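Reading the structure
For reference, the chains in residue letters:
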Amino acid sequence: MTSEFAFVLGTGRCGSTLVHELVARHPDVGFLSNLEDRVPLPAAAGRWNNELYRRVPEPLTRKGRLRFAPSEGYRALERVGSPALTAPVRDLLAEDLTPWLDARLRRFFEDRAHAQHKPLFLHKFTGWPRAGLLGRVFPEARFIHVLRDGRAVANSFLQMPWWRGYTGPSGWGWGPLPAEYAAEWDSSGRSFAVLAGIQWKLLIDAFEAARAQFPPERWLEIRYEDLVADPRSVAGEVLAFLGAAWTPTFETQFLRTAVNSVRTDVYRSDLGIHELAMLEASLHEYLERYAYLSPRRRMPGDETQKLREDSGDR
């Protein structure tokens, strides 16, 4: 069987993991597991990834504990490729692809897709989109960009132990700030909240440039907030984009997938009034562009909700 390829992309801290893990529960989808990422294993070791993932008790697939789940696979990719793919200081474009890297990436993904024998192989990248490079390796690949309110993303960055923005742009791993953004950061008094927001803007700039390279049938953009507000509708949109049917097996998996909607606007309480005001001023144009300044829809309650079918959802 010849598999098609699709990539879930996002800035990080944006809900892309939820989308990746939800779609990976579809019986027609193959993926790289976290076990393959941590342990050097042959491609054939992932043959039963999908079946295992659908059968493992749901608590053993959750983040923050010993689990089995899809993975971005940066360790595995570094073993066969190079840090250029996993930790670049700028986006990776089509012209960055060398014959050496092309051959390695093709073999990495195609061997695993062949071993798993699924119509679709799905992988996730966060940070820079890398779509220009990936689209050159896989000319028919489709991309799902998961977008989240930049205020929420910036707030989450600030709380992550791996966020290196506290060292300043010279050591944060995202390259030097463009002059306009450098001046903006300086004028904020070098606010870390503003710097985290600038990182989000840098990445969104790259996503907008990447999106312009692909026709609509190869690029889907969804908002995290829409997913948690109406998971069935957005999941259906994603499956339709990927050409996957909503099967009874997927329905069962959908119903056992939990979505946490409580943190959609927690940045309002996490950030101080001054920091939030500066962050919103910095992001205003982008928030307006992506309809985050329009009246907010009423979100589900502040408990983790189980995805279930509501009347009129479809």
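First things first, this report covers the structure right here in the doc. Computed from a predicted structure; not experimentally measured.

Glancing now at the packing of aromatic side chains. Taken as a whole and assessed by the stated rule, the structure comprises 22 aromatic pairs. Through a chain of ring-to-ring contacts, the aromatic side chains of Phe5, Phe7, Tyr74, Phe108, Phe109, Phe121, Phe125, Phe138, Phe143, Phe214 and Trp219 assemble into a single cluster. Its guanidinium or amino end placed over the ring of tyrosine 53, arginine 25 lies 4.3 Å from that ring's centre, counting from NZ or CZ. A cation over an aromatic ring shows up here: arginine 223 above the ring of tyrosine 292, its NZ or CZ 4.4 Å from the ring centre.

We now examine the packing of helix H10 (residues 192–211) against helix H15 (residues 273–289). It is at 8 Å that the axes of H10 and H15 come closest, and there the two elements cross at 10°. By the angle class used here, H10 and H15 are roughly parallel. Contact residues: H10 offers Ala193, Val194, Gly197, Ile198, Trp200, Lys201, Ile204, Asp205 and Glu208, while H15 offers Glu275, Met278, Leu279, Ser282, Leu283, Tyr286 and Arg289. Grouping the amino acids of the contact of H10 with H15 by side-chain chemistry returns nine nonpolar, two polar and five charged.

Compared with the 28 Å implied by 1.5 Å per residue over 20 residues, the 29 Å span of H10 between its first and last C-alpha is a close match. For H10, the tally of buried residues reaches 16 of 20 residues, placing the bulk of the element in the interior. Where H10 begins, the side chain of serine 191 points an oxygen toward the backbone nitrogen of alanine 193, at a separation of 3.2 Å.

Taken in spatial order, the five strands line up as E2-E3-E1-E4-E5 in an open sheet, and their pairing is parallel. Looking at which strands have only one partner, the edges of the open sheet turn out to be strand E2 (29–30) and strand E5 (219–223). Alignment of strand E1 (residues 4–10) against strand E4 (residues 142–147), held across five bridges, turns out to be parallel. Opposite phenylalanine 7, over in E4, you have phenylalanine 143 as the bridge partner. Packing of helix H1 (residues 16–23) onto the sheet brings it into contact with E1, E2, strand E3 (120–126), E4 and E5, and relative to E3 it is tilted by some 170°.

Turning our eyes to something else, we now look at a nonpolar patch on the surface. On the surface, Leu35, Val39 and Leu41 cluster together into a nonpolar patch covering about 220 Å² of accessible area. Locating leucine 35 in the fold gives a position in helix H2 (residues 34–38).

Okay, the pattern of salt bridges next. Where charged atoms of side chains with opposite charge meet at close range, the side chains can pair. Scanning the entire structure with this criterion turns up 20 salt bridges. Notably, a salt bridge pairs arginine 151 with aspartate 149, separated by 2.7 Å at the nearest N-O pair. Put simply, Glu51, Arg54 and Lys118 are held in one network by salt bridges that share partners.

Further remarks concern the side chain of lysine 201. Summarising the element assignment, lysine 201 is placed in helix H10. Looking at lysine 201, the relative accessible area reads 4%, which means it is buried. Of note is the side chain of lysine 201, whose polar atom sits 3.0 Å from the side chain of glutamate 184. A polar atom in the side chain of lysine 201 sits 2.9 Å from the backbone oxygen of serine 282.

Within the element layout of this structure, proline 248 appears in helix H13 (residues 248–255). Residue class for proline 248 comes out exposed when judged on its relative accessible area of 67%. For the pair proline 248 and aspartate 186, spaced 62 residues apart in sequence, the C-alpha separation works out to 55 Å.

About the thresholds
Residues numbered from 1 in each chain as written. Predicted model: local features only at pLDDT ≥ 70, side-chain atom pairs only at ≥ 80, totals over all residues. Heavy atoms only, no water. Phe/Tyr/Trp six-rings, centres within 6.5 Å; stacked < 30°, edge-to-face > 60°. Lys NZ or Arg CZ within 6 Å of the ring centre and 35° of its normal. Axes fitted to C-alpha atoms, helices over the stretch in contact; angles between N-to-C directions. Helix = DSSP H or I, 4+ residues; strand = E, 2+ residues; numbered from the N terminus. Parallel < 35°, antiparallel > 145°, perpendicular 65-115°, else oblique. Contact = heavy atoms within 4.5 Å. Nonpolar A, V, L, I, M, F, W, Y, C, P; charged D, E, K, R; others polar. Expected span 1.5 Å × (residues − 1). Buried < 20%, exposed > 50% of the residue type's maximum accessible area, 1.4 Å probe, protein only. Polar contact = N/O pair within 3.5 Å; in protein donor to acceptor, adjacent residues only side chain to side chain. Pairing = 2+ DSSP bridges. Patch = residues over 30% accessible without salt bridge, like charges linked within 9 Å, V, L, I, M, F, W, Y side chains within 5 Å. Areas by Shrake-Rupley, 256 points an atom, 1.4 Å probe, with all protein chains shown as cover. Salt bridge = Lys/Arg side-chain N within 4 Å of Asp/Glu carboxyl O.

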